[in-house]
Amino acid sequence: MTSLSTPRTAAPSAGDQAERIARIRQAAYRIRRNALDMGEVQGQGYIGQALGVADVLAVVYTDQLRFRPEDPHWPDRDRFLLSIGHYAIAAYAAMAEAGIIPLEELETYGSDESRLPMSAMASYTPGMEISGGSLGHGLGVATGMALGLRHLGNPARVFNLLSDGELDEGSTWEAAMSCAHHGLDNVTAIVDVNALQADGPTAGVLRTEPVTDKWQAFGWHALRVDGNDVASLVAAFDEIGEHRGSPSVLICDTRVGSGVPLLETREKAHFMRVEEHEWQIARTQLEEGLAR
Amino acid sequence: MTSTAPRKKLTTSAMIASFADPGQRTASAPFGHALNRLAEERPEIVGLSADLAKYTDMHVFRDAHPDRFFQMGMAEQTLLGAAAGMAEVGLVPFASTYSVFATRRAYDFLCLDIAEPGLNVNVVGALPGLTTGYGPSHQATEDLAILRGCPNLTIVDPCDSVDIEQAVPALAAAPGPTYLRLLRGAVPTVLDEYDYRFELGKAAELRTGRDVVLVSTGLMTMRALQAAARLEADHVDVSVLHVPTIKPLDTEAILRAARTDRLLVTCENHTVIGGLAESVAATLAFAGVGNRVVPIALPDEFLAAGALPTLHDRYGLSTDAIVARVKRELGGASPATGGPWAADPAPASA
């Protein structure tokens, strides 16, 4: 396999751009389908979050991130840090789409001896940069990686996917201050705002809004987009790629269960139960959505 | 408290009180200078601190290598998370703060970001045990107890400037994570008078003796050597086994020292819970060795504020206190004295 690299020069023509977005949407569809297949293995789980963040991961893994699927330790790779270990299902789905892990391995998700544990860990899975799960760690590690890469003269970028619930953690804001203080424009934080955490809606658990204002006040270049709109995501990531002088954050408002109306409309749950017969319905609805 | 005529009392003095005896030979900032020497040979060495460079001797490195020093602010979680990130991209960080902050405040980050991936990050904790009179906020009396349960982590408690100078390159050379209990400022120089070299994971018998064996770590080895010399004058023959590496513990050397009929005393600048005393006791019990272990350690309490000599005396870490304890034990005092343990209960019936 060849290395994926995004040409960051020359604005694409309108036709090229439409093709690019269509290609990413196809990838997002396959990521969602992968996630549904994995969810069915477990019968329940973080499928709502995986469907919600699929468009973000499609843009990151198939359009933005520079990496070599066959060489996960390539020193010049961009780093993608998954703070939120329970989003592993979504990350594996995207990494299979990106060719980093074999598609057929996804059916081992969460099984004994699998390289794909329920909560993502670097020691288990090729291409998984850190072991997340204890929230509030990713951005601090990203800070050190970015400082280190800059010190070494390595132009690689560091991406960190956080959840809005993770903004409850004080360590996230320590690290946010640190990235801005050190002018780490090689850091891009991505915040998945699905407005839901373990005990219920974020607004009721611990209010994090106004999220954009907070990041701006901490010295970040902050953008907020519909995280289920591929065109908006692509435009925002392209803009961030050009930004210099301060770290960037892309705040993505996503819908839990996005792409599968059956799950989108169900009562929101952090850990979603899906009945045996519903998985096929979900796959059918997903396919119908792509055709529209 | 009753008030009598005012008497000149010792004062707490600065945050970092010196524990060197008057007139004792010392070396200035041995950690900082050792890190500088290492940095000349190894370009991947970097330093970080959390607003405590000046108080952890990291300022010596900062001033010599400003491009390789990273000030992380008073943010210990980010200090350790970022140190992990730097190690992930191939650097070899030394991250310094006070022991209380590295272990209590940032433990999750030390454990999950550094120890679990087995990264070569060297955490340097100042004010270990009772080395400040500022009270429990700054006294890391239980840092070893917190860290000993952390897999992958190497833990070193140096005695003096010689230990620190030799430990620094050894810690960087060890592939995994380490924690160093830092002695800083004017650090006593003691071990150069012995045939000794610091070796990671190894204990060293500094002197032999037929009557008593003091198994000691950290600055208490200095006190143990002084106590041994004093006891010698009283015709008590005392051996000192210095155990600078707390984990992995040199259990072979400890068992060798214990398999005699000598009085076995452990000496540590740490609470009696979860430090050297319990490590030695577990080593003996797991090997089926039945010696009694006499622990000289800090009590299981939040300690008082005050002047360090006063506190070391009160809590039994001074040379006088070691001598008195050994004499008491040799004089056949009740084994239960001085510890939280009950005297032998009646044996359970089968």
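Residues numbered from 1 in each chain as written. Chains lettered and ligands numbered in written order. Predicted model: local features only at pLDDT ≥ 70, side-chain atom pairs only at ≥ 80, totals over all residues.

*Asks:* Just to check I follow, could you spell out the nonpolar core for this structure?
*Replies:* Grouped burial of nonpolar side chains is what soluble globular proteins tend to show. One finds A35, A50, I89, A90 and Y92 of chain A together with A83 and L214 of chain B to be the most contacted residues of the largest nonpolar core, which totals 203 residues. It is helix 2 (residues 47-64) of chain A that contributes the most residues to this core, eleven residues altogether. When sequence neighbours within four positions are dropped, the list of residues in contact with Y92 of chain A reads M38, I101, L106, Y109 and L116 of chain A. (Core = buried A, V, L, I, M, F, W, Y, C linked by C-beta atoms within 7 Å. Buried ≥ 20, exposed ≤ 12 C-beta atoms within 10 Å, placed from the backbone. Helix = DSSP H or I, 4+ residues; strand = E, 2+ residues; numbered from the N terminus. Contact = placed C-beta atoms within 7 Å.)

*Asks:* Just to check I follow, could you spell out the sheet that holds strand 4 (residues 92-98) of chain B for this structure?
*Replies:* Consider a sheet: its strands pair through backbone hydrogen bonds, and that pairing is either parallel or antiparallel. Residues and elements named next belong to chain B. Strand order in the open sheet formed by seven strands is 3-2-4-5-7-6-12, and the pairing between neighbours is mixed. In this open sheet, the two strands that pair with only one neighbour each are strand 3 (69-71) and strand 12 (245-247). Ignoring strand direction, the axes of neighbouring strands in this sheet form an average angle of 20°. Sheet topology places strand 6 (residues 154-156) next to strand 7 (residues 178-182); three bridges connect them, and they run parallel. Bridge pairing in strand 7 places V156 opposite L180. In this fold helix 1 (residues 30-41) packs onto strand 2 (45-49), strand 4, strand 5 (122-126) and strand 7, with an angle of close to 150° to the strand it touches most, strand 2. (Pairing = 2+ DSSP bridges. Axes fitted to C-alpha atoms, helices over the stretch in contact; angles between N-to-C directions.)

*Asks:* Where do I start with the pairing of strand 7 (residues 221-226) of chain A in this structure?
*Replies:* Residue and element names in this part refer to chain A. As judged from the six bridges shared by strand 7 and strand 8 (residues 248-253), these two strands associate in the parallel manner. The residue bridging A222 from the neighbouring strand is V249, located in strand 8. The β-α-β motif built from strand 7, the intervening helix 8 (residues 230-242) and the parallel element strand 8 has right-handed crossover chirality. (Right-handed = clockwise from strand over helix to strand, strands pointing away.)

*Asks:* How do you make sense of the interface of chain B and chain A when you look at a structure like this?
*Replies:* Frequently, the measure chosen for interface size is the accessible area that the parts lose on association. Contacts between chain B and chain A engage 21 residues on the former and 20 residues on the latter. Breaking the side of chain B that touches chain A down by element, the ones donating at least two residues are helix 3 (76-88) and helix 5 (107-115) of chain B. Per-element accounting of the side of chain B that touches chain A gives the leading share, nine residues, to helix 3 of chain B. Considered class by class, the residues forming the side of chain B that touches chain A number twelve nonpolar, five polar and four charged. (Nonpolar A, V, L, I, M, F, W, Y, C, P; charged D, E, K, R; others polar.)

*Asks:* Sorry if this is basic, but what is going on with the domain arrangement of chain B here?
*Replies:* Residues and elements named next belong to chain B. According to the domain assignment, chain B consists of domain 1 (26-188) and domain 2 (201-329). Each of domain 1 and domain 2 was reduced to a C-alpha centroid, and the two centroids are 25 Å apart. With 25 residues of domain 1 at the contact, the number on the domain 2 side is 27 residues. For the side of domain 1 that touches domain 2, the secondary-structure elements that each account for two or more residues are helix 6 (143-148) and strand 6. (Domains from an automatic or database assignment.)

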